Amino acid sequence: MNLVGTLYVTALAGCAVAALAALTAPARARLPLTGWCTAVAGAVGAAAGVAALSGGVSAGVSAGVSAGVSAGVSAGVSPGGPAGGSGPSWSAWLPDLLPLAGVRLAIDPLGGVFVAVTGLVTVCAAIYGIGYCAHGLDGRLFQAVLPLFVAALLLVPAAASVSTFLLTWELMAVTSLLLVLAEHRRRAEVGRAGLWYAVMTHLGLVAILAGLVAFAAGAAGESFAELRAAELPPGAATVVFLATAAGFASKAGIVPLHVWLPRAHPEAPSHVSALMSAAMVNLGAYGIIRVGLDLLGGGPAWWWLLVLAAGALSALYGILQAAVTSDLKRLLGYSTTENLGLVLVGVGAAGFFAVSDLPLPAALALAAALLHVVNHAAFKTVLFLSAGSVLHATGTRDLDALGGLRTRLPYTTVVFAVGALCASALPPGNGFVSEWLLLQSLIHALPGAGVAGAVTMPLAVGVIALSAGLAVATFVKAFGVGFLARPRSAEAEAARESPPPMLAAMTFAAVGCVVLALAPTLVVPALGRAVGVVFPGRDVVSGELTLRLAGVSGMISPLLIAAALVIAVVAVLGLVRLTAARRARRAARLWDCGAGPMSARMEYTATSFAEPLQRVFDDVLAPESDVDVTPMKESAYLVERVRFQARVPDRIEHRLYDPLIAAAAAVGNRARALATGSVHRYLGYGFWALTGALLVLVALW
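Note that the structure is a prediction, hence the values are computed from the model and not measured.

Asks: How should I be thinking about the overall build of the chain in this particular structure?
Replies: Across its full length, the chain holds 26 helices and nine strands. Here the chain has a C-alpha radius of gyration of 27 Å; the compact-globule value for 701 residues is 27 Å, and the two agree. Its C-alpha atoms give the chain principal-axis dimensions of about 80 × 75 × 65 Å. With 701 residues in all, the chain has 52% of them scored as buried. For the chain, the proportion of contacts with a sequence separation of at least 24, taken over those separated by at least 6, is 76%. Summed over its atoms, the accessible surface of the chain is roughly 30600 Å², and 68% of this surface lies on carbon and sulfur atoms.

This is how it looks when you write it as structure tokens:
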């Protein structure tokens, strides 16, 4: 077993130890013991992913090594080649672990990206949970399920057969559902969110199951190596791609399959929200890359234009919904839909460019998508953990009820500001670098992309630019309304800073954002090896301090940009201070329009801040409002109270899912007539259902 395999197996063993500690450790030691074991497992898993990206073996290894062990496990290792090598850094086959098929695992550089991201997010979430779970979430079941969820997240990118992939995918779904439902006894909304998540994630599983089983049937084998070598008819390949893409898009929160995400992520405990939003949803994008680009080998251009369109729609719709919501964690959930949409824009563009015989822009677009996966994981971890700190201190997620947290939660304020800057895609944030790289791939592909590319690529550029602008407005609202000005509630007034483990985890994630923002050259060359799994032999970028695009004109130096911004800010502040020092100062009360001292009721709230945007996009958002006028008892012409309510519902949920739910409820109500209590009738139902199924199978055969 090589370095990658050793680290990876150690990480899985660490998750098992953490789960066992949660079940057996005494109450006082349970939280720190489980948390630190999970954090160590995440760190080792991250090291395994990094080792897979860097090759995983010493330079002297030139051939695969295989060995059988007494437990019936066979393992193989192949050298990670240059940026074009596609062989796995480590693989293993456990024939006796799963009946009939066994378990196949393999980590190549592409899977290594997602293993590394999951591991690093786990480190932050596990340490954070030591402080966050001290009040009500320290039970044995919750603490045991969390490391199992982490293990599932680590297993999915390493699955190398259909049965192994489906098994680990279902383990990820079930464990995450249990974590989402952790607080269902405290709030009814948690149960409803869990129901939505359970239904959507298992419908997605059914679609993935149907697609991969059909793929395995056509390939006469279920290992990924056999699927990769198979040549499916075009119609069968299209069915496989559409079915699996729908299932993976549901997990990634892509519109219109996103409805579970802004419900489940806010209701889950905040460190679980970070794991789901920064690690789990990434595996939806991984599935599309692995099946569509790797196993199916590309496909027709319209596949990838469909992926690109779904990503663009998700990016715009997600950030629009985030811009008008006043629930802090719901805002971050919709932001996840936006950022995974941008990832799919890159994936769709990469597939389209590859079909259009534009290998360099294809590799560049895929590298941009993977870099955005890494960057989004970093800043979304920061933001969800910071939101959890706010919730821990105030007990509310409503931005309209917050404010004034800058003086009460100074560390949380600084960390949230870092995350907000990165999520806004402004320099010197890390989100700016990946979106710049994505724009470069789209622009440089225009001359050779044909008519379809000439139409879609400028639209994609416009979508990215518009979503970036809306992201700025969204996070200016979140930070300004939530942390600045005066407290607008007693809870915000009484807020106190979070415990040290929470602050340490938030700081670690924020430092990761800063490193990715200033030194992306540490990451992008390694991502080039992951791109080489799908598009062999293509170097994407070069440079140590400056990112230089390979084969096309384009370069950027985030470190120099940051230095220039710091110098400019210091110069402006120094000039202002110098000018002000020459003038006499006097203390005076601010102009208040004669209304007396300013109060919190006079501040902008999140709702009022978003109203101009809501008016601009009124036809898209379709806001609802209600005015309730209560007259006085003495006369209907005298008004005692006027109550105004406004809300912006999810229009897709309202127009698409509500009618489907109503129709399903109507069918269910009518079907109650079939439940007569007669055993004979029930046996008849079973007989006719079985007969019909057999007739369908005979007809299809």
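Asks: Before we go on, may I ask you to explain the sheet that holds strand β5 (residues 541-542) in this structure?
Replies: Neighbouring strands of a sheet are bound in pairs by backbone hydrogen bonds; such pairs are parallel or else antiparallel. Ordered by their spatial adjacency, three strands build an open sheet running β5-β6-β7, and the pairing between neighbours is antiparallel. On the outer flanks of this sheet lie β5 and β7 (555-556), each paired with one strand and no other.

Asks: Just checking my understanding: could you explain helix α11 (residues 282-295) for this structure?
Replies: A turn of α-helix holds 3.6 residues, and therefore any two residues three or four places apart point the same way. Taking 1.5 Å as the rise per residue, α11 with 14 residues should run 20 Å; its terminal C-alpha atoms sit 18 Å apart, in good agreement. Of all 14 residues in α11, 14 are buried; the element is thus mostly enclosed.

Asks: Would you mind showing me how to read the side chain of Arg-397 here?
Replies: Summarising the element assignment, Arg-397 is placed in the loop between α14 (359-394) and α15 (405-408). Not counting residues within four places of it along the chain, the set of residues in contact with Arg-397 comprises Arg-187, Pro-266, Glu-267, Ser-326, Asp-327, Leu-328, Lys-329 and Leu-391.

Asks: Even after reading the chapter, I still don't get the packing of helix α6 (residues 188-219) against helix α8 (residues 234-252), so can you show me in this structure?
Replies: How two helices sit against one another is set out by the angle between their axes and by the gap between those axes. The contact between α6 and α8 brings their axes to 8 Å, and the two run at 155°. When the axes of α6 and α8 are compared, the pair comes out roughly antiparallel. Our pair here, α6 against α8, has a crossing hand that is left-handed. For the pair α6 and α8, the contacting residues are Tyr-197, Met-200, Thr-201, Gly-204, Ala-207, Ile-208, Gly-211, Leu-212, Ala-214 and Phe-215 in the first and Val-240, Ala-243, Thr-244, Gly-247, Phe-248, Ser-250 and Lys-251 in the second. Across the contact of α6 with α8, the residue classes tally to 10 nonpolar, six polar and one charged.

Asks: Would you take a moment to explain the packing of α14 against helix α16 (residues 410-423) for this structure?
Replies: Relative to each other, α14 and α16 sit at 145°, their axes nearing to 8 Å. Viewed along their axes, α14 and α16 form a crossing whose handedness is left-handed. Of the residues in α16, those touching α14 at Phe-379, Val-382, Leu-383, Ser-386, Ser-389 and Val-390 are Thr-412, Val-415, Phe-416, Gly-419, Ala-420, Cys-422 and Ala-423. Among the residues making up the contact of α14 with α16, the classes are represented as nine nonpolar, four polar and no charged.

Asks: Honestly, α8 in this entry has me stumped. Any pointers?
Replies: Taking 1.5 Å of rise per residue, the 19 residues of α8 would be expected to cover 27 Å, and the 26 Å separating its terminal C-alpha atoms lies within 8% of that figure. Of the residues one or two after α8, Gly-253 is the one with positive phi, at around 75°.

Asks: For this particular structure, what's the right way to read the packing of aromatic side chains?
Replies: Between two aromatic rings, the relevant description is the distance of the centres plus the angle of the planes. With the rule as written, the count across this model stands at 17 aromatic pairs. Both rings, one in Tyr-8 and one in Trp-90, keep their centres 5.5 Å apart while their planes meet at 50°; by these two values the pair is tilted. With Tyr-8 in helix α1 (residues 3-24) and Trp-90 in strand β3 (residues 90-94), this residue pair connects regions lying 82 residues apart in the sequence. The exposure class assigned to Trp-90 is buried, which follows from its relative accessible area of 3%. Centroid distance Tyr-682 to Tyr-685: 6.2 Å. Interplanar angle 40°. Geometry classified as tilted. A residue pair is termed a helical-turn pair when its members lie 3 or 4 positions apart in one helix, as Tyr-682 and Tyr-685 do in helix α26 (residues 679-700) at three residues. For Tyr-685, a relative accessible area of 33% corresponds to the partly exposed category. Among the aromatic residues, those joined into a cluster by ring pairs are Phe-165, Trp-169, Phe-224 and Phe-248.

Asks: Whenever I open this one, a nonpolar patch on the surface confuses me. Can you help?
Replies: Taken together, the side chains of Val-627, Val-629, Val-639, Val-642 and Phe-644 make up a nonpolar region of the molecular surface, amounting to roughly 470 Å² of accessible area. Among the secondary structure elements, those contributing two or more residues to the nonpolar patch are β8 (624-631) and β9 (639-647). Considering every element that reaches the nonpolar patch, the biggest residue donor is β9, with three residues. Residue position: Phe-644 is located in strand β9.

Asks: Help me understand empty space enclosed by the protein in this model?
Replies: Gaps left between atoms are located by rolling a probe of water-molecule size over the structure's atoms. Following the criterion strictly, the structure yields four cavities of 30 Å³ or more and no others. For the largest cavity, the calculated volume is near 70 Å³. Lining the largest cavity are 13 residues, and of these Gly-35, Ala-126, Gly-129, Gln-143 and Leu-146 lie nearest its centre. For the lining of the largest cavity, the per-class residue count stands at seven nonpolar, six polar and no charged. Each pocket or cavity is described by its volume, and for the second largest cavity that value is around 40 Å³. Lining the second largest cavity we find Trp-169, Tyr-197, Met-200, Thr-201, Gly-204, Leu-205, Gly-247, Ser-250, Lys-251 and Trp-260. Contributing elements (two or more residues each) for the lining of the second largest cavity: α6 and α8. Here the lining of the second largest cavity takes five residues from α6, the largest share from any one element. In terms of residue class, the lining of the second largest cavity is made up of five nonpolar, four polar and one charged.

Conventions used here
- Residues numbered from 1 in each chain as written.
- Predicted model: local features only at pLDDT ≥ 70, side-chain atom pairs only at ≥ 80, totals over all residues.
- Heavy atoms only, no water.
- Helix = DSSP H or I, 4+ residues; strand = E, 2+ residues; numbered from the N terminus.
- Rg over C-alpha atoms; globule rule 2.2 N^0.38 Å.
- Buried < 20%, exposed > 50% of the residue type's maximum accessible area, 1.4 Å probe, protein only.
- Contact = heavy atoms within 4.5 Å.
- Areas by Shrake-Rupley, 256 points an atom, 1.4 Å probe, with all protein chains shown as cover.
- Pairing = 2+ DSSP bridges.
- Expected span 1.5 Å × (residues − 1).
- Axes fitted to C-alpha atoms, helices over the stretch in contact; angles between N-to-C directions.
- Parallel < 35°, antiparallel > 145°, perpendicular 65-115°, else oblique.
- Left-handed = near helix turned anticlockwise from the far one by under 90°.
- Nonpolar A, V, L, I, M, F, W, Y, C, P; charged D, E, K, R; others polar.
- Phe/Tyr/Trp six-rings, centres within 6.5 Å; stacked < 30°, edge-to-face > 60°.
- Patch = residues over 30% accessible without salt bridge, like charges linked within 9 Å, V, L, I, M, F, W, Y side chains within 5 Å.
- Salt bridge = Lys/Arg side-chain N within 4 Å of Asp/Glu carboxyl O.
- 1 Å grid on protein atoms, 1.4 Å probe; cavity = no way out; pocket = protein on both sides within 12 Å on 5 of 7 lines; lining within 4 Å.
- Points joined across faces, edges and corners; volume = space filled by probe spheres on them.

Honestly, it's all geometry; don't read function into it.
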